[in-house]
Amino acid sequence: ETGVTQSPTHLIKTRGQQVTLRCSSQSGHNTVSWYQQALGQGPQFIFQYYREEENGRGNFPPRFSGLQFPNYSSELNVNALELDDSALYLCASRGQGDEKLFFGSGTQLSVL
Amino acid sequence: QKEVEQDPGPLSVPEGAIVSLNCTYSNSAFQYFMWYRQYSRKGPELLMYTYSSGNKEDGRFTAQVDKSSKYISLFIRDSQPSDSATYLCAMKTSYDKVIFGPGTSLSVIP
């Protein structure tokens, strides 16, 4: 167990809808990253938050947005869902000055 | 050319075999190298973490980094059926995102 928890575990949405995924970081970790993992591929970096500010973003459109809260929990929001958004969404946290990422179990999103 | 390349497998070995998993990369600025194990539909679990070149051993696992060749390896000794999973290499520079390889699927047959 890494101490990183994600909810929900599974979600089914239809194209065009909006979705919010949630993550609770490991205690003491102030940096959270979100990754998208399509079937058979490695995780792809979406963005990273440090002290409630986004401080890094991958090659994802603006309809992917996030928030980090003072207790270091975070959200990933995806608007105008597309079929290709179907994937496992992973949250990962790390402590300050630590390069090791610890992942949650992910949210499996299916867009129909 | 992708930043991180990894043979996707699948790789199938008998129980007790030595397994060798490898990744190559193109960015010479990578300094931190990691191996993650991922069971089906679960989050990746950190197995090994190495800074710069050299070897690191932890139980049945050995990680090697050769920065001059831009090549990293993970060796698993005395492989067990419970080692059956997808193995992801990952790497990063300082203050930057972690880049993952596509993963190698491993099956250890009893």
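The text that follows walks through the structure, step by step, so that each part is easy to find. Each residue is numbered by its place in its chain's sequence as written, counting from 1. Chain letters start at A and ligand numbers start at 1, both assigned in the order the entries are written. Only residues with pLDDT of at least 70 are given local features in this predicted model, and only at 80 or more are side-chain atom pairs given and counted; all residues enter the totals for whole chains, interfaces and linings. Excluding hydrogens and water, the side-chain figures rest on all heavy atoms present in the structure.

Some thoughts on the overall build of chain A
In DSSP terms, a helix is any run of H or I states spanning at least four residues, a strand is any run of E spanning at least two, and both are numbered starting from the N terminus. Along chain A, the regular secondary structure elements total zero helices and 11 strands. Each helix and strand of chain A, ordered N terminal to C terminal, gives the series β-β-β-β-β-β-β-β-β-β-β. What you see for chain A is a C-alpha radius of gyration of 13 Å, in line with the 13 Å of a compact globule of 112 residues. Note on contacts: a residue pair is in contact if any heavy atoms of the two residues lie within 4.5 Å. In chain A, the share of contacts with a sequence separation of at least 24, taken over all contacts with a separation of at least 6, comes to 52%. Accessible surface is estimated by sampling points in the Shrake-Rupley manner with a 1.4 Å probe; for residues, cover comes only from the protein chains shown. Roughly 5,400 Å² of accessible area belongs to chain A as shown, and the carbon and sulfur atoms make up 47% of that amount. The reference for a compact globule is 2.2 Å times residues^0.38; the radius of gyration itself is calculated from the C-alpha atoms.

Some points on the interface of chain A and chain B
For interface size, the figure often reported is the accessible area lost on association. At the junction of the two partners, chain A supplies 17 residues and chain B supplies 17 residues. Buried area is calculated as the accessible area (1.4 Å probe) missing from two parts once they are joined, with the contributions of both summed. Here chain A and chain B share an interface that buries about 1,500 Å² over both sides, 61% of which is from carbon and sulfur atoms. Ranking the residues of chain A by area buried against chain B places Glu99(A), Lys100(A) and Phe103(A) at the top, with a combined share of 34%. A pairing counts as a salt bridge when a side-chain nitrogen of Lys or Arg comes within 4 Å of a carboxyl oxygen of Asp or Glu. Remark: the boundary between chain A and chain B carries zero salt bridges. For the side of chain A that touches chain B, the secondary structure elements donating two or more residues are β4 (31–37), β9 (87–94) and β10 (102–103) of chain A.

Structural notes on the state of the cysteines
A pair of sulfur atoms, both from cysteines and within 2.5 Å, is called a disulfide here. In the structure shown here, the tally under the stated rule is two disulfides over all chains. Sulfur-sulfur distance for the disulfide between Cys23(A) and Cys91(A) comes to 1.8 Å. Because the sign of the S-S torsion sets the handedness, a value of about -60 degrees for the bond joining Cys23(A) and Cys91(A) places this disulfide among the left-handed ones. Linking Cys23(A) in strand β3 (residues 19–24) with Cys91(A) in strand β9, this pair joins segments that are 68 residues apart in sequence. Neither residue differs from the other here; Cys23(A) and Cys91(A) are each classed as buried. The disulfide that involves Cys23(B) links it to Cys89(B), with 2.0 Å between the sulfurs. Across the S-S bond linking Cys23(B) and Cys89(B), the dihedral sits near -100 degrees, which makes this disulfide left-handed. With Cys23(B) in strand β3 (residues 19–25) and Cys89(B) in strand β9 (residues 85–92), this residue pair connects regions lying 66 residues apart in the sequence. Of the two residues examined, Cys23(B) and Cys89(B), each falls in the buried class. Partly exposed residues are those whose accessible area sits between 20% and 50% of the maximum for their type, while under 20% is buried and over 50% is exposed, using a 1.4 Å probe and protein chains only.

Looking at the side chain of Thr31(A)
Residue and element names in this part refer to chain A. For Thr 31, the location among the structural elements is in strand β4. We classify Thr 31 as buried; its relative accessible area is 4%. Here a polar contact means two N or O atoms within 3.5 Å. Within protein one must be a hydrogen donor candidate and the other an acceptor candidate, and residues neighboring in sequence count only if both atoms are side-chain atoms. Side-chain polar atoms of Thr 31 contact the side chain of Asn 30, separated by 3.2 Å. When residues no more than four places from it in sequence are discounted, the contact partners of Thr 31 are Gln 48, Tyr 49, Tyr 50, Gln 68, Ala 92, Ser 93 and Arg 94.

A closer look at the pattern of salt bridges
Residue and element names in this part refer to chain A. Per the counting criterion, the structure on display carries seven salt bridges over all chains. Residues Arg 22 and Glu 75 are paired through a salt bridge, measuring 3.6 Å at the closest nitrogen-oxygen approach. A residue pair is termed long-range when its members are at least 10 positions apart, and Arg 22 in strand β3 and Glu 75 in strand β8 (residues 74–78) qualify at 53 residues. We classify Arg 22 as partly exposed; its relative accessible area is 43%. Looking at Glu 75, the relative accessible area reads 14%, which means it is buried. With a closest N to O distance of 3.3 Å, Glu 82 and Arg 63 form a salt bridge. Residue Glu 82 is found in the loop between β8 and β9, and its partner Arg 63 is found in the loop between β6 (53–57) and β7 (64–68); the two are separated by 19 residues along the sequence. For Arg 63, a relative accessible area of 16% puts it in the buried group. In this structure, a network of salt bridges that share partners links the residues Arg 63, Glu 82 and Asp 85.

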